[in-house]
Amino acid sequence: MIFFCASFNLTVLQSLKDSIMVTAGGAEVLPFLASCCVLPASVAFFVLYGKLVAHLPEKAVFYAAVTPLLAYYALFAAAIYPIAGSLHPLELMAQLAPSVPVGLHGLLKVVGNWTYSLFFCMAELWGAVVISVLFWSLANEVCTVDEAKAVYPFMAIGANIALVAAGCYIRLVNHTLSTTVAGDTQLLSLRVMIGTVMAMTAAMFGAKAFIDAKVLQPAVKSMDGARPAGSKKKKSKGSFGEGIAVLKKSPKIRNLALLVMSYGVGHRLFEFAWKGQLRLLYPTVQGYQSVLADVATYTGMLTLASMVVSRLVFQHAGWGVAASVTPAVMGVA
């Protein structure tokens, strides 16, 4: 339930942030957003997350980390987006443009559309915060190694079903509003999407509370009862520096980190190209958003099919062939 809802929200937020930012500033803003906004914000969050872990009870960390994101999404939809035009110093950026190298014009657009840039950054943090850190920390805490082998594949299937469902939902909302509401429905669409994110997050919180009460708390009590009196010890959390040390010592983890970095670089390179062309075809926010919804739907379907096919590839051709498919396709493209 938590992974499904988190993946659903991620798809909705990705379509919102890209449609709002790219239609306003163009795809040339994406590299500057990734390097100058998202990266520092991610580092700042991990520092904050370490402090939350150190000072809050374990079961409260999940809620404390997610709530600020929700608060900003609600504030953006309710108050910031309707007056964003008056908050953006676009005229000043236009005056500065002739004196700035052409390659930095994307950065001027990031600053000029600063409210959209901030929303883009906060939406990007959903994947890094809720899925990459909070959910997988919870999953690893709840599932044993043996259970993970059986449960994790079903989690991946659920996440891709959420991708398909979210894509269909986004297109349905935009189509319904465009056919039933007169005038510009862009703000209404944004509020419906953010409201959906809030509702799905409420379901996540309910599932998390159930896990805390029915799974983790009984497990902690049984472990405490098995310990000798006076030997209760709080589980220590590794620091950021300790994590880097493990990364240096373990070739497997280091190679996995390199794999993730390579994915990120490849994803960004193709993202800048095709999203820029997409803006030329669909210059409006809702039109752009609907196409991204279709992309999410077909991506989820293709991934589900690939999960079935990849098992056969692993068995008959090996891991190396399976891992080479994506780089080969990117090289041809």
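The paragraphs below set out a description of the structure included in this document. The structure displayed is predicted, hence computed values, not measured ones.

### Topic: the packing of aromatic side chains
Counted by the stated rule, this structure contains 14 aromatic pairs. Between F62 and Y63 the ring centres are 5.9 Å apart and the planes differ by 80°, which places this aromatic pair in the edge-to-face class. Exposure remark for F62: the relative accessible area of 3% places this residue in the buried category. Put simply, the rings of Y72, Y73, F76, Y81, Y116, F119 and W126 touch in pairs and so form one group of aromatic residues.

### Points about the environment of L56
Within the secondary structure, L56 is located in the loop between α2 (30-55) and α3 (58-80). Residues in contact with L56, not counting those within four places in the same chain, are V61 and A64.

### Here's the deal with the pattern of salt bridges
Across all of its chains, the model carries six salt bridges by this definition. Here K17 and E124 are joined by a salt bridge, their closest N and O atoms 2.9 Å apart. With a gap of 107 residues between them, K17 in helix α1 (residues 2-25) and E124 in helix α7 (residues 114-142) connect regions that are remote in the sequence. The exposure classification of K17 matches that of E124, with both residues buried. A salt bridge links K109 to E28; the nearest nitrogen and oxygen atoms lie 2.4 Å apart. Of this pair, K109 sits in helix α6 (residues 105-112) while E28 sits in the loop between α1 and α2; the two residues are 81 residues apart in sequence, bridging distant segments of the chain. Its relative accessible area of 31% is what places K109 among the partly exposed residues. Its relative accessible area of 36% is what places E28 among the partly exposed residues. Salt bridges sharing common partners tie together K17, D18, E124 and K275.

### Focus: the environment of S99
You can see S99 is positioned in the loop between α5 (90-96) and α6. Between the C-alpha atom of S99 and that of A166, which follows or precedes it by 67 residues, the distance is 43 Å.

About the thresholds
- Residues numbered from 1 in each chain as written.
- Predicted model: local features only at pLDDT ≥ 70, side-chain atom pairs only at ≥ 80, totals over all residues.
- Heavy atoms only, no water.
- Phe/Tyr/Trp six-rings, centres within 6.5 Å; stacked < 30°, edge-to-face > 60°.
- Buried < 20%, exposed > 50% of the residue type's maximum accessible area, 1.4 Å probe, protein only.
- Helix = DSSP H or I, 4+ residues; strand = E, 2+ residues; numbered from the N terminus.
- Contact = heavy atoms within 4.5 Å.
- Salt bridge = Lys/Arg side-chain N within 4 Å of Asp/Glu carboxyl O.

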